[in-house]
Amino acid sequence: MSEPFTPLSEVGEFGLIDRLQAIVGDLSDSDLIMGIGDDAAVYRLPDRETVHVITTDALLEGVHFDRLMTPMEHLGYKAIAVNVSDVVAMNAEPRYATISVGIPAKISVEMIEAFYQGIRRACTKYGLVLVGGDTTAAHTLCLSVTVVGETHMDEVIFRRGARPGDLLCVSGDLGAAYAGLKILLEQRRALTEKGANYRPDLEPFRYVIQRQLLPEARLDVIRDWRVRGIRPRALIDVSDGLASEVHHLCRHSSCGAIVYASAIPVALETREVAEHFAEDVDTYALFGGEDYELLFALPPEQLELLDPTSFSVIGAFLPADQGVQVQTPEGAIIPLEPAGYQHFRSGDGTEGETPAAS
Ligand code: ADP
Ligand code: MG
């Protein structure tokens, strides 16, 4: 009898993680508060009040980024920011980072130094310290960052915890990083077709390109919550796209939800990019990834405590039997599919040309 061979595309990224969790997920101890399944793992320190959160994310050339379009310094900044975002998504402060770099022969020492300047800038910005790593040869540039963060036991916020009646809120604006990616891919094609003398004019798309290449973790948002005494009941960062993250919050919280598409905050430049490509900007906002904004469940009585310029109410949590729905700008209420970025599905960055979310 031949060995079973299930292609990765059959189970997808999340299906694979579920199967791996079935093998190792019961390994635990009395200090572990959250293992596999949230933005970061959480464990208690011996004082029983402090918790550490720990998260790791890889960035791979050809899958997550294209070196032609990505300045090394930006890449260093992004490698730290996307990990800080997962720490922030547990309502914790980042403290320490380590990084493993796999470096191909075509990369120079100066390029790696530029990459580390970006790392340094992000560490300074977010108040964390790079304390170690690993360096190896590789066929393509491979990066893996781990960040440890800290908070108090009663301050951690998980993906679970939302209740029907809570408001579904998001910080910042959505869809811009995807719009930036579309512009960069278009420019790369133009460069290939027109040759090295082609000088792209990226100025009109400055904001969206920055959102793609230099994302920020919203540490400022959770710090502001602390000052204002705000405590969302559930929290996640938007790395794979709004629709996918709403589904995660709902599944972990045993809730349904409705998203009002016309309430999703979208920057003017993102609208202009969608128009430029004759595409629907709601698709960018619902399914585009890598915005690294915070999506959270807010008890309605806390609404008045929030800074009204820093977030949008885009929907509400419902009982689980209502499922996850979206109200289109035309007013129709339809199921919201959990589409978003998933590795191993056909069309992911390992086969096509679209860089992935981490
Ligand atoms: P995020 O998008 O917030 O980084 P992921 O979707 O990558 O989260 O991961 C979801 C959960 O699965 C996290 O708890 C993560 O640590 C865990 N996870 C992902 N890949 C693996 C793996 N290969 N082995 C064990 N746990 C994993
Ligand atoms: Mg996350």
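(A) Representation of the overall build of the protein chain. A tally of regular secondary structure across the protein chain gives nine helices and 13 strands. In summary, the protein chain has a C-alpha radius of gyration of 20 Å against a globular reference of 21 Å for 358 residues, a match within 12%. Projected onto its principal axes, the C-alpha positions of the protein chain cover 60 × 60 × 55 Å. The burial tally for the protein chain puts 51% of its 358 residues in the buried class. Long-range pairs, those at least 24 residues apart, make up 82% of the contacts in the protein chain with a sequence separation of at least 6. About 17,000 Å² of surface is accessible on the protein chain, with carbon and sulfur atoms providing 54% of the total. Of the charged side chains in the protein chain, 29 are positive and 53 negative; the average position of the first set lies 3 Å away from that of the second.

(B) Molecular detail of the coordination of the magnesium ion (ligand 2). Coordination of the magnesium ion (ligand 2) by the protein comes from Asp-39 (OD), Asp-86 (OD) and Asp-237 (OD), over a distance range of 2.1 Å. Along the chain, the residues that donate to the magnesium ion (ligand 2) are spaced as D-x46-D-x150-D. Of this pair, Asp-39 sits in the loop between strand E1 (32-34) and strand E2 (41-44) while Asp-86 sits in helix H2 (residues 72-88); the two residues are 47 residues apart in sequence, bridging distant segments of the chain. As far as burial versus exposure is concerned, Asp-39 and Asp-86 are alike and both buried.

(C) A look at the sheet that holds strand E6 (residues 142-152). Pairing in this open sheet of six strands is mixed, and the strands run E1-E2-E3-E6-E4-E5 from one edge to the other. What marks the edges here is a single partner per strand, and that holds for E1 and strand E5 (129-137). If you compare each strand with its neighbour and ignore which way they point, the axes differ by 20 degrees on average. With nine bridges joining them, strand E4 (residues 93-103) and E6 adopt antiparallel strand pairing. Directly across from Ile-99, in E6, lies its bridge partner Val-145.

(D) Highlighting the site of ligand 1. Around ligand 1 sit 12 residues, and of these Gly-37, Asp-38, Asp-39, Asp-86 and Arg-159 come closest. Residue Asp-38 places a main-chain N or O atom 3.0 Å away from an oxygen atom belonging to ligand 1. Ser-239 is positioned with one of its side-chain polar atoms (N or O) 3.3 Å from an oxygen atom of ligand 1. When isolated, ligand 1 has an accessible area of 560 Å², and the protein chains bury 67% of it. Tallying contributions element by element places helix H1 (residues 8-24) first for the shell around ligand 1, with three residues.

(E) Structural detail: the sheet that holds strand E10 (residues 294-298). The sheet built from seven strands is open, its strands ordered E8-E10-E7-E11-E9-E12-E13 with mixed pairing. The sheet is open, and its two borders are formed by strand E8 (234-237) and strand E13 (333-335), each paired with just one other strand. Shown here is a sheet whose adjacent strand axes are inclined to one another by a mean of 25 degrees, direction ignored. Where strand E9 (residues 255-260) and strand E11 (residues 311-319) come together, five bridges link them in antiparallel fashion. Looking at E11, one finds that Cys-255 is bridged to Pro-319. Contacts from helix H6 (residues 219-228) reach strand E7 (167-171), E8 and E10 within the one sheet, and its direction differs from that of E10 by about 25 degrees.

(F) Spotlight on unusual backbone geometry. Phi at Ala-278 is positive, roughly 55 degrees, even though this residue is not glycine. Topologically, Ala-278 is positioned in the loop between helix H8 (268-276) and helix H9 (281-287). Even without glycine at this site, Tyr-292 takes up a positive phi of about 55 degrees. Secondary-structure assignment places Tyr-292 in the loop between H9 and E10.

(G) A look at the environment of Thr-56. Relative to the helices and strands, Thr-56 is located in strand E3 (residues 50-60). Not counting the four nearest positions on each side in its chain, Thr-56 is found in contact with Asn-83, Ser-144, Val-145 and Thr-146. One polar contact links the side chain of Thr-56 to the main-chain carbonyl oxygen of Val-145, over a distance of 3.0 Å. Reaching out from Thr-56, the side chain makes a polar contact with the side chain of Thr-146 at a distance of 3.0 Å.

(H) Inspection of the confidence of the model for the protein chain at higher detail. Predicted confidence across the protein chain gives a mean pLDDT of 94, with 95% of residues reaching 70 or more. Scored below 50 in pLDDT, residues 348-353 shows 13 contacts in the model against residues more than four places distant or in partner chains.

(I) Looking closely at the pattern of salt bridges. Tallied over the full model, the rule gives 20 salt bridges. Among the salt bridges present, the one from Arg-159 reaches Asp-39, with a minimum N-O distance of 3.0 Å. A residue pair is termed long-range when its members are at least 10 positions apart, and Arg-159 in the loop between E6 and E7 and Asp-39 in the loop between E1 and E2 qualify at 120 residues. Overall, Arg-159 belongs to the buried group, its relative accessible area being 12%. Here Asp-39 falls in the buried class, since its relative accessible area comes to 6%. Salt-bridge contacts for Glu-155 lead to Arg-226; the nearest nitrogen and oxygen are separated by 4.0 Å. Highlighted residues: Glu-155 in the loop between E6 and E7 and Arg-226 in helix H6, separated in sequence by 71 residues. The class for Arg-226 is partly exposed, based on a relative accessible area of 36%.

(J) Main features of H2. The end-to-end C-alpha distance of H2 is 24 Å, a good match for the 24 Å that 17 residues give at a rise of 1.5 Å each. Of all the 17 residues making up H2, 15 are buried; the element is thus mostly covered by neighbouring parts of the structure.

Thresholds, definitions, all that
Residues numbered from 1 in each chain as written. Chains lettered and ligands numbered in written order. Predicted model: local features only at pLDDT ≥ 70, side-chain atom pairs only at ≥ 80, totals over all residues. Heavy atoms only, no water. Helix = DSSP H or I, 4+ residues; strand = E, 2+ residues; numbered from the N terminus. Rg over C-alpha atoms; globule rule 2.2 N^0.38 Å. Buried < 20%, exposed > 50% of the residue type's maximum accessible area, 1.4 Å probe, protein only. Contact = heavy atoms within 4.5 Å. Areas by Shrake-Rupley, 256 points an atom, 1.4 Å probe, with all protein chains shown as cover. Lys, Arg positive; Asp, Glu negative; His and termini not counted. Charge placed at Lys NZ, Arg CZ, Asp CG, Glu CD. Donors = N, O, S within 2.8 Å, 3.2 Å for Na, K, Ca; no water. Pairing = 2+ DSSP bridges. Axes fitted to C-alpha atoms, helices over the stretch in contact; angles between N-to-C directions. Near = heavy atom within 4 Å. Polar contact = N/O pair within 3.5 Å; in protein donor to acceptor, adjacent residues only side chain to side chain. pLDDT = per-residue confidence, 0-100. Salt bridge = Lys/Arg side-chain N within 4 Å of Asp/Glu carboxyl O. Expected span 1.5 Å × (residues − 1).

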